[in-house]
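Inside the fold
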Amino acid sequence: MKNFELIKQGAEAKLYQGTYLGKPAIAKQRFAKKYRHPSLDSSLTKERITAENRALIRCKIAGIRTPAVYAVNLAENTIYMEHVLHSKTAKDLIEDYSRSNDHSRLQEFFYHIGKTVGKLHENNIIHGDLTSSNILVVSKHNPQTLENCNPSDLIIVPIDFGLSRIQSSAEDKGVDLYVLERALISTHSLAEESFEHFLSGYQAQYTNGSKEVLHKYDEIKLRGRKRVLIGI
Amino acid sequence: MDLDPETNTKLSIKLFTQVKNAKEIKEQLIQGEFKCSMIKPSLILDPFQIAVAANKALLNEKLTTKTVYTEILFNLSPTKNISKSLQTFGIDEKDDALLVVTLCKDTENEEADFLKQIDAVEAPIEKLSDYTDINLIKKIYKINDKESSVTPILDSIVSRIATKDFLSL
Ligand SMILES: Nc1ncnc2c1ncn2[C@@H]1O[C@H](COP(=O)(O)OP(=O)(O)OP(=O)(O)O)[C@@H](O)[C@H]1O
Ligand SMILES: [Mg+2]
């Protein structure tokens, strides 16, 4: 990986930024975990890379924007993908809105995230690790400016599909929603009051099946709460 | 055009138009006389599409086809059927335009001699768009309007090429 610069050291992957085949690119390299058995580790790594590639393509087919893939190097466990320029994580944007106390944009943004997740689930794509840092946003019309952009002018770009799978079960989709809700609430102070807007976006998009998923989601939430009450 | 630095290889793509002897050329190609891939320009949207396919051919430890040049054609194709891939992306006897793709080591600088045998007019690569058949491309790569309304077609194409080994199409 020549002329790439480390930008993020995650739990399972290192992210580098550079130029690949002449394009601005991100290299996502998964690395070995010391506590895992080497052969188990290499098959897990391969599974993650496979899952990520499949979901990136499946999203595109479903009309969801994801980074383009330029190359996969299995010898170095690396995916070279499009660097989504002028993007921000949903995490940072939510914090921007929260700081300026912009509740209406925050709610609208949650609604749009709900629509995108609804589209994922409509197409049986379970993300597996939905958080606000695994969602990027770019501006639809003026790619340079995200400042003061209305949520309806954003393109929502989900990323980090290493734990994803293709699955139609309402239970799995419910878990996906629950994971996102927990992640949002633990990261953002205003998330709890805005999550209903996420859910209405989700339902608006996923007309055929969201009811069953939301039912499961309520059950999962209840189970979660009981677990907290009895302290496990 | 540069590929992954690890490959130590340069890629060259030339566009030939008004080709008069495609039949002969194809015969010699099949006999292995030419060290190159010959590709139908109608199925190529941008040289970058070929760069991604060639890069993948060089990075893979094992080739699926016989040579790196047939591998480029195979990689370009969304199907895993080898002969169908070569047929679709390779040239026909009747073609009057073709792309010639050659690879050479960074350190070398050989001008492919066999190019003289192509009875044609070389055109600047910018002319490629005159030959691209976007509808045919969308059909072959199965890109529907839902996809192309949000994702640039070139991104859709190269992503399919780069991830071909992982897709169960
Ligand atoms: N294609 C991309 N374009 C722009 N920024 C990106 C891109 N991919 C990742 N990033 C940035 O890098 C961060 C981490 O990326 P990603 O979520 O894929 O890896 P990770 O979280 O380390 O993976 P893991 O779940 O294995 O720990 C993202 O939150 C985002 O800020
Ligand atoms: Mg992440």
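Residues numbered from 1 in each chain as written. Chains lettered and ligands numbered in written order. Predicted model: local features only at pLDDT ≥ 70, side-chain atom pairs only at ≥ 80, totals over all residues. Heavy atoms only, no water.

- What UniProt states about chain B under its Subcellular location (unreviewed entry) heading is, verbatim, "Nucleus".
- For chain B, the Sequence similarities (unreviewed entry) comment in UniProt is given as "Belongs to the CGI121/TPRKB family." (UniProt positions renumbered as here; feature names shortened; annotations may be inferred.)

- Under the annotation held in an unreviewed UniProt entry, chain A carries the name non-specific serine/threonine protein kinase and is attributed to Phyllotreta striolata.

Describing the sheet that holds strand 1 (residues 5-9) of chain A
Residue and element names in this part refer to chain A.
- One open sheet holds the 5 strands; their spatial order is 1-2-3-5-4, and the pairing between them is antiparallel. Two strands close off the open sheet at either side, each with one partner strand: strand 1 and strand 4 (69-73). Across this sheet, the average inter-strand angle for adjacent strands is 20°, counted without regard to direction.
- Relative to strand 2 (residues 13-20), strand 1 runs antiparallel, the two sharing 4 bridges. (Pairing = 2+ DSSP bridges. Helix = DSSP H or I, 4+ residues; strand = E, 2+ residues; numbered from the N terminus. Axes fitted to C-alpha atoms, helices over the stretch in contact; angles between N-to-C directions.)

Some details on the pattern of salt bridges
Residues and elements named next belong to chain A.
- Throughout the structure, instances matching the rule amount to 18 salt bridges over all chains.
- The residue D172 makes a salt bridge to R165 at a minimum N-O spacing of 3.0 Å.
- What makes D172 buried here is its relative accessible area of 17%.
- Under the relative-accessibility criterion, R165 is labelled partly exposed at 37%.
- Among the ionic pairs, R223 bridges to E171, the shortest N-O distance being 3.5 Å. Residue R223 is found in helix 6 (residues 210-230), and its partner E171 is found in helix 4 (residues 170-187); the two are separated by 52 residues along the sequence.
- If you follow the salt bridges from partner to partner, you end up with E12, K28, R30, R48, E52 and D160 in one network. (Salt bridge = Lys/Arg side-chain N within 4 Å of Asp/Glu carboxyl O. Buried < 20%, exposed > 50% of the residue type's maximum accessible area, 1.4 Å probe, protein only.)

Focus: the pairing of strand 1 (residues 9-17) of chain B
Residue and element names in this part refer to chain B.
- The element strand 1 is extensively covered by neighbouring structure, given that 7 of its 9 residues are classed as buried.
- Alignment of strand 1 against strand 3 (residues 98-105), held across 8 bridges, turns out to be antiparallel. Paired with F16 across the two strands is L98, which belongs to strand 3.
- Both strand 1 and strand 4 (residues 121-123) contribute to a ladder of 3 bridges, which runs antiparallel. Pairing of L15 across the sheet is with A123, part of strand 4.

Here we look at the domain arrangement of chain A
Residue and element names in this part refer to chain A.
- Each domain of chain A was delimited in the assignment, giving domain 1 (5-82) and domain 2 (88-223).
- For domain 1 versus domain 2, the distance between C-alpha centres works out to 22 Å.
- Contacts between the two partners involve 15 residues from domain 1, matched on the other side by 17 residues from domain 2.
- Between domain 1 and domain 2, a total of about 1,300 Å² is buried, with carbon and sulfur atoms accounting for 68% of that surface.
- When the buried surface of domain 1 facing domain 2 is broken down by residue, R58, I64 and R65 rank first, second and third, together holding 39% of it.
- At the surface where domain 1 touches domain 2, the tally comes to 1 salt bridge.
- The partner of D160 in a salt bridge is K28, with the nearest N and O atoms 2.8 Å apart.
- The interface formed by domain 1 and domain 2 contains 4 residue pairs in polar contact (both at pLDDT 80 or more).
- Mapped by element, the contributors of at least two residues to the side of domain 1 that touches domain 2 are strand 3 (23-30) and helix 1 (38-61). (Domains from an automatic or database assignment. Contact = heavy atoms within 4.5 Å. Buried area = accessible area lost by both parts, 1.4 Å probe. Polar contact = N/O pair within 3.5 Å; in protein donor to acceptor, adjacent residues only side chain to side chain.)

Notes on the site of ligand 1
Residue and element names in this part refer to chain A.
- Not every one of the 21 residues close to ligand 1 is listed here, only the nearest: K28, E82, S133, N134 and D160.
- Side-chain polar atom of N134 to an oxygen atom of ligand 1: 2.9 Å apart, as the coordinates give it.
- In the environment of ligand 1, an oxygen atom lies 2.7 Å from a nitrogen or oxygen atom belonging to the side chain of D160.
- In isolation ligand 1 exposes 620 Å². Once the protein is present, 86% of that is buried. (Near = heavy atom within 4 Å. Areas by Shrake-Rupley, 256 points an atom, 1.4 Å probe, with all protein chains shown as cover.)

Brief notes about the environment of A:L146
Residue and element names in this part refer to chain A.
- Along the chain, L146 turns up in the loop between strand 8 (135-139) and strand 9 (154-158).
- Separated by 95 residues in sequence, L146 and A51 have C-alpha atoms that sit 30 Å apart.
- Discounting residues that sit within four places of it in the chain, L146 has contacts with H86, S87, K88, V137, V138, S139 and L154.

Details of the sheet that holds strand 1 of chain B
Residue and element names in this part refer to chain B.
- One open sheet holds the 4 strands; their spatial order is 2-3-1-4, and the pairing between them is antiparallel. In this open sheet, the two strands that pair with only one neighbour each are strand 2 (37-39) and strand 4. Direction aside, the axes of adjacent strands within the sheet are offset by 35° on average.

Quick notes on the coordination of the magnesium ion (ligand 2)
All names here are of chain A.
- N134 (OD1) and D160 (OD) make up the full set of protein donors to the magnesium ion (ligand 2), lying at 2.1 to 2.2 Å. You can see N134 sitting in the loop between strand 7 (125-126) and strand 8 and its partner D160 sitting in the loop between strand 9 and strand 10 (165-166), a full 26 residues away along the chain.
- Relative accessible area serves as the criterion here: at 21%, D160 is assigned to the partly exposed category. (Donors = N, O, S within 2.8 Å, 3.2 Å for Na, K, Ca; no water.)

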